[in-house]
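Report on the structure
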Amino acid sequence: VKIEKKLVSSLDNTVKYLYGLPDGETVESVLMEYKHGWSQCLSTQVGCRMGCSFCATGMGGFVRNLLPSEMLAQIEQAQTDNGIRVSSVVLMGMGEPLDNYDETLRFLGLVTAAGGLNFGVRNISLSTCGLVPGIRRLAQSGYPVTLSLSLHAPNDGIRRQLMPVANAYTVAQCLEACRDYARQTGRRFIVEYALVSGVNDGLEQARELAARLRGLNCHVNLIGLNDVRETGLRGAPKAGVQRFLQALE
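Fair warning: this is a prediction, and the values are worked out from it, not measured in the lab.

Quick look at the side chain of threonine 112
Along the chain, threonine 112 falls in the loop between helix H2 (101-111) and strand S8 (124-128). In this structure threonine 112 comes out as buried when scored by relative accessible area, which is 18%. Only 3.4 Å separates the side chain of threonine 112 from the backbone oxygen of glycine 109, close enough to count as a polar contact. Here threonine 112 is in contact with Asn118, Phe119, Val121, Ile124 and Tyr143, once residues within four sequence places are set aside.

Some details on the sheet that holds S8
Across the sheet, which stays open at both edges, the 9 strands sit in the order S1-S2-S3-S4-S7-S8-S9-S10-S11 with mixed pairing between neighbours. Every other strand in the sheet has two partners, leaving strand S1 (2-8) and strand S11 (218-224) as the edge strands with one partner each. Taking each pair of neighbouring strands and ignoring which way they run, the sheet shows an average axis angle of 25 degrees. Here S1 pairs with strand S2 (residues 15-20) via 6 bridges, running antiparallel.

What about the environment of leucine 42?
Tracing the backbone through its elements, the reader meets leucine 42 in the loop between strand S4 (37-41) and strand S5 (45-47). Taking the relative accessible area as the measure of exposure, leucine 42 reaches 0% and is therefore buried. Leaving out residues up to four positions away in the same chain, leucine 42 has contacts with Ser29, Met71, Gln74, Ile75, Val89, Val90, Leu91, Met92, Gly93 and Phe107.

Side note on the packing of aromatic side chains
Summed over all chains, the structure comprises 2 aromatic pairs. Pairing tyrosine 17 with tyrosine 19 gives two aromatic rings, centres 5.4 Å apart and planes at 10 degrees, and the pair type is stacked. Grouping residues by exposure puts tyrosine 17 and tyrosine 19 together as buried. Here the basic side chain of arginine 49 rests over the ring of phenylalanine 62, its NZ or CZ set 3.9 Å away from the ring centre.

Describing the pairing of strand S10 (residues 189-195)
Counting buried residues in S10 gives 7 out of 7 residues, a clear majority hidden from the surface. Pairing of strand S9 (residues 146-150) with S10 involves 3 bridges; the strand directions are parallel. Paired with serine 150 across the two strands is glutamate 192, which belongs to S10. The handedness of the S10 to S11 crossover, carried by helix H6 (residues 203-213), is right-handed.

What counts and how
- Residues numbered from 1 in each chain as written.
- Predicted model: local features only at pLDDT ≥ 70, side-chain atom pairs only at ≥ 80, totals over all residues.
- Heavy atoms only, no water.
- Helix = DSSP H or I, 4+ residues; strand = E, 2+ residues; numbered from the N terminus.
- Buried < 20%, exposed > 50% of the residue type's maximum accessible area, 1.4 Å probe, protein only.
- Polar contact = N/O pair within 3.5 Å; in protein donor to acceptor, adjacent residues only side chain to side chain.
- Contact = heavy atoms within 4.5 Å.
- Pairing = 2+ DSSP bridges.
- Axes fitted to C-alpha atoms, helices over the stretch in contact; angles between N-to-C directions.
- Phe/Tyr/Trp six-rings, centres within 6.5 Å; stacked < 30°, edge-to-face > 60°.
- Lys NZ or Arg CZ within 6 Å of the ring centre and 35° of its normal.
- Right-handed = clockwise from strand over helix to strand, strands pointing away.

Keep in mind these numbers describe shape, not what the thing actually does.
Next comes the structure, spelled out in structure tokens:
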């Protein structure tokens, strides 16, 4: 894996990498500095087959799974390039980690190995669009990482507009799997919710989401959607985000 392109934010120390792979394919990774240290967002696939309507990655389709070594190399390149040690990783880059389950699990074994990078599982987050069988397998894997569910809708009707995976697994099935994950691992899970203007950002949806999540051991992460020109979808305005947050609280 080699660095093909590097962009550094003018606002903070965030670095976005385009990595070149031996077969000529490319993946992206983002390095972010926080008070607690450096965190890196890793890719697990070249492209993605999930086809979420708001996501730029899926527009190019699925090419192939990444190997565990290619996931590790993303960290090692960023550390070497910046002279730092990455202290936490999030599997939230290109691809669906649970669609590349076996290789992702091998990566977790390597990245937490005492003779390797020696990460604690509590410093690893994994984001899924809701592949229920994968969530249940992960709960039994022995790697109690922080699980993030990309939900983005309080009901199946809206979710099917945004995410093809909703045709396979309902909101109820996803939340039940996450609830069981939290119970088995003792880890609170995270619900990711990107606010799409005119689609899922109304006060009615906020109240419905609150009702769906009440009593669950979870945290909600509201996301301002980044506009992707080709999708035609727009992020909710800041005032709308605040109204949604207040209603949810």
